Amino acid sequence: MGDSSRSQHDVRMRGFARRTTVADALEWLDGQTQRLGAESVPLAEAAGRVLAEETISRVDVPAFDRSMMDGFAVRAADTLGASPYNRLELKVVGRSMPGSPFVGQLAAGQAVRIMTGAPLPPGADAVLPAELIEIQADRILAQGDVSPGKHVGQIGEDIAAGAVVLPAGRMLRPQDVGVLSSIGTAEVVVVRRPRVRIVVTGNELLPAGSTPQPHKIVDSNGPMLAALVRRDGGIADHPGIVPDRPDDVLEAMHSQADVILVSGGSSVGEEDYAPALLREHGELPIHGLAMRPGSPAGMGRWDRRLVFLLPGNPVACLCAYDMFAGRAIRALGGRPTDWPYRRVTVPLARKIVSTIGRLEFTRVRLLEGRAEPLAVGGSSILSSTTRADGFVLVPPDSEGYPPGSEVEVFLYG
Ligand code: AMP
Ligand code: MG
């Protein structure tokens, strides 16, 4: 891109002429995110990952008929008519234990001692529970009857060979991993996790772990973004603080990542180099958003990577991440794009005032079943998000809500 077109688009120190609506930005973004490819991981690492393909069992579980009770494997017909007044004698010819079956065939008039989970011997078709018999040396007296199949878990009763066990796109729960193990799975084909490079810019910043200094503040956004990326299923890579110099910012963007998050310098100030860099080396179709906090955000592409320019103000950074970057990272990783925040609808304790034309995030606290807007002004007060239980979204066409109106609160998890 030449100098003339660069200056034509350079909004530094001129302010945003026009802000993109959140709805338009989301529409652009959704057109840019396609699920990443698949990779294979050991079963032990599969929980929490997204299944890339439908899983079909090649085997029956269980692979044998098994006892569901402790008792005696019998032929049901041999117990017909048995009762405490008509005790029927059966000869005990052996035992079947879990993992060590009875060797041989059960004949008429015979019984095999059997434990829960042990294979039913060939020839038997039911299990007589311990409470329906009296044991006498090498024989038992049946004092009740059982029908064929009673207390027997059939082959394939849990999972039949050929059955769909789990659908593609499933975020694997611990119990899913248990089921996959039961069908003999060693490796699971899952969606690759998006790699996310975090570029934190600011000459005033000290790396996490430092003590704040008279003219310097400690990086909040880097650790916060890394945690958000992990929450959304990505792999965060935050190599350190980058000075406000174009070459350094560009250098820090070089990585194998699928997504780049640039924190700070996203707006129209003199030191805000990231937008110009992206215009020059990639594309920045969206810069300046009709939302608050988070209006100085932008998004575009650099090669095949999605790039999000996030405001340095920590609350704005969080809102812009949540609105756009998090959604994209979840979509790339095959997760639902919806927010991972639980919602509750409660009455408002005090009014919320909002400006027409922009989407507003209002942080609220829940007190006695009502949502109380926090009286914090700027988006630089990160601790307001820690005091808040969640936030209310006021849409661009609303001037806010009077006290007592029912509002939907998104709860920070
Ligand atoms: P900027 O978007 O770079 O103009 O930064 C806006 C405000 O956010 C300034 O007061 C910065 O000092 C502050 N800020 C920028 N980056 C961070 C960060 N990583 N952690 C905490 N505050 C930041
Ligand atoms: Mg800055």
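Residues numbered from 1 in each chain as written. Chains lettered and ligands numbered in written order. Predicted model: local features only at pLDDT ≥ 70, side-chain atom pairs only at ≥ 80, totals over all residues. Heavy atoms only, no water.

Caption draft 1: Inspection of the overall build of the chain at higher detail. For the chain, the helix and strand inventory stands at 8 helices and 29 strands. The C-alpha extent of the chain, read off along each of the three principal axes, is 100 × 50 × 40 Å. Partitioning the contacts of the chain with sequence separation of at least 6, the portion at a separation of at least 24 is 70%. When the accessible surface of the chain is summed, it comes to about 19,700 Å², and 51% of that surface belongs to carbon and sulfur atoms. Separation of charge centres in the chain, based on 43 positive and 48 negative side chains, amounts to 2 Å. (Helix = DSSP H or I, 4+ residues; strand = E, 2+ residues; numbered from the N terminus. Contact = heavy atoms within 4.5 Å. Areas by Shrake-Rupley, 256 points an atom, 1.4 Å probe, with all protein chains shown as cover. Lys, Arg positive; Asp, Glu negative; His and termini not counted. Charge placed at Lys NZ, Arg CZ, Asp CG, Glu CD.)

Caption draft 2: Local environment of the packing of helix α4 (residues 221–231) against helix α7 (residues 314–332). Relative orientation of the contacting elements α4 and α7 amounts to 25 degrees, with a least axis distance of 10 Å. Overall, the two elements α4 and α7 adopt an arrangement that is roughly parallel. Crossing of α4 against α7: the hand is right-handed. For the pair α4 and α7, contact is made by Asn221, Met224, Leu225, Leu228, Val229 and Arg231 and by Pro314, Cys317, Leu318, Tyr321, Asp322, Ile329 and Arg330, respectively. (Axes fitted to C-alpha atoms, helices over the stretch in contact; angles between N-to-C directions. Parallel < 35°, antiparallel > 145°, perpendicular 65-115°, else oblique. Left-handed = near helix turned anticlockwise from the far one by under 90°.)

Caption draft 3: Fine view of the site of ligand 1. Residues in close proximity to ligand 1 total 14 residues, the closest being Glu204, Asp219, Ser220, Gly265 and Gly312. In this structure, asparagine 221 approaches ligand 1 through a main-chain N or O atom, which is 3.5 Å from a nitrogen atom. When ligand 1 sits alone it has 480 Å² of accessible area, and the protein chains cover 73% of it. Here the residues of the shell around ligand 1 are counted per class, giving 5 nonpolar, 7 polar and 2 charged. (Near = heavy atom within 4 Å. Polar contact = N/O pair within 3.5 Å; in protein donor to acceptor, adjacent residues only side chain to side chain. Nonpolar A, V, L, I, M, F, W, Y, C, P; charged D, E, K, R; others polar.)

Caption draft 4: A look at the sheet that holds strand β8 (residues 133–136). Taken together, 6 strands build an open sheet; the order of strands is β7-β4-β6-β5-β9-β8 and the sheet is mixed. The sheet terminates laterally at β7 (126–129) and β8, the two strands that pair on one side only. Strand-to-strand twist of the sheet, defined as the mean angle between neighbouring strand axes without regard to direction, takes the value 40 degrees. (Pairing = 2+ DSSP bridges.)

Caption draft 5: Representation of the packing of helix α5 (residues 246–253) against helix α6 (residues 274–281) within the structure. The geometry of α5 relative to α6 is characterised by a closest axis approach of 10 Å and an angle of 60 degrees between their N-to-C directions. As judged from the angle between their axes, α5 and α6 are oblique. Where α5 crosses over α6, the two elements pack in a sense that is right-handed. Note on element contacts: α6 touches α5 through Leu277, Leu278 and His281, opposite Pro246, Val249, Leu250 and Met253. Here the contact of α5 with α6 is composed, by residue class, of 6 nonpolar, 1 polar and no charged.

Caption draft 6: Region of interest: the packing of aromatic side chains. Here the structure, examined in full by the defined rule, presents 9 aromatic pairs. Judged by centre distance (5.2 Å) and plane angle (85 degrees), the ring pair of tryptophan 339 and phenylalanine 391 falls under edge-to-face. Residue tryptophan 339 is located in the loop between α7 and β23 (342–347), and its partner phenylalanine 391 is located in strand β27 (residues 390–394); the two are separated by 52 residues in the primary sequence. Across the pair, exposure class does not vary: tryptophan 339 and phenylalanine 391 are buried alike. Between tyrosine 341 and phenylalanine 391 the ring centres are 5.7 Å apart and the planes differ by 85 degrees, which places this aromatic pair in the edge-to-face class. With tyrosine 341 in the loop between α7 and β23 and phenylalanine 391 in strand β27, this pair connects stretches of sequence that are 50 residues apart. Across the pair, phenylalanine 391 and tyrosine 341 agree in class, each one buried. An aromatic cluster of three or more residues is present, and its members are Trp339, Tyr341, Phe361, Phe391, Phe410 and Tyr412. (Phe/Tyr/Trp six-rings, centres within 6.5 Å; stacked < 30°, edge-to-face > 60°. Buried < 20%, exposed > 50% of the residue type's maximum accessible area, 1.4 Å probe, protein only.)

Caption draft 7: Examining the confidence of the model for the chain more closely. Looking at the chain as a whole, its pLDDT mean stands at 94, while 96% of the residues score no less than 70. Taken together, the stretch residues 1–8 has pLDDT below 50 and engages in 5 contacts with residues farther than four places along the chain or on a different chain. (pLDDT = per-residue confidence, 0-100.)

Caption draft 8: Expanded view of the nonpolar core. Residues Leu261, Met291, Met299, Phe308, Tyr321 and Phe324 are the most contacted members of the largest nonpolar core, which totals 46 residues. Going through the elements one at a time, α2 (22–30), β13 (195–201), α4, β18 (259–263), β22 (305–310), α7 and β25 (359–367) are the ones with two or more residues in this core. The greatest single-element share of this core, amounting to 12 residues, is contributed by α7. The contacts of tyrosine 321, once residues within four sequence positions are left out, are Leu225, Leu228, Val229, Arg231, Asp232, Leu261, Leu310, Gly326 and Ile329. Ranked by size, the runner-up nonpolar core spans 15 residues in total, among them Val242, Val249, Leu250 and Leu277. (Core = buried A, V, L, I, M, F, W, Y, C linked by side-chain atoms within 4.5 Å.)

Caption draft 9: Just the pattern of salt bridges, in detail. Under the criterion given, the structure shown has 18 salt bridges. For the salt bridge of arginine 49 with glutamate 39, the shortest nitrogen-to-oxygen distance reads 2.7 Å. Here the residue arginine 49 occupies a position in the loop between β1 (38–42) and β2 (55–56), and glutamate 39 occupies one in strand β1, the gap between them amounting to 10 residues. Of the charged contacts in the structure, one is a salt bridge between glutamate 89 and arginine 139, with a shortest N-O distance of 2.3 Å. Taken together, the residues glutamate 89 in strand β5 (residues 88–96) and arginine 139 in strand β9 (residues 139–142) connect sequence positions 50 residues apart. A cluster of three or more residues bridged by salt bridges with shared partners is formed by Arg231, Asp232, Asp322 and Arg330. (Salt bridge = Lys/Arg side-chain N within 4 Å of Asp/Glu carboxyl O.)

Caption draft 10: How the structure looks around unusual backbone geometry. Here the bond from valine 61 into proline 62 is cis, since omega is -5 degrees, no more than 30 degrees from zero. Along the chain, the position of proline 62 falls in the loop between β2 and β3 (66–67). The step from arginine 292 to proline 293 runs through a cis peptide bond, and the omega angle for that step is -5 degrees. The backbone of alanine 137 shows a phi angle near 50 degrees, a positive value even though the residue is not glycine. Among the structural elements, alanine 137 can be located in the loop between β8 and β9. Positive phi is not limited to glycine here, since histidine 151 has a value of about 60 degrees. Along the chain, the position of histidine 151 falls in the loop between β9 and β10 (152–153).

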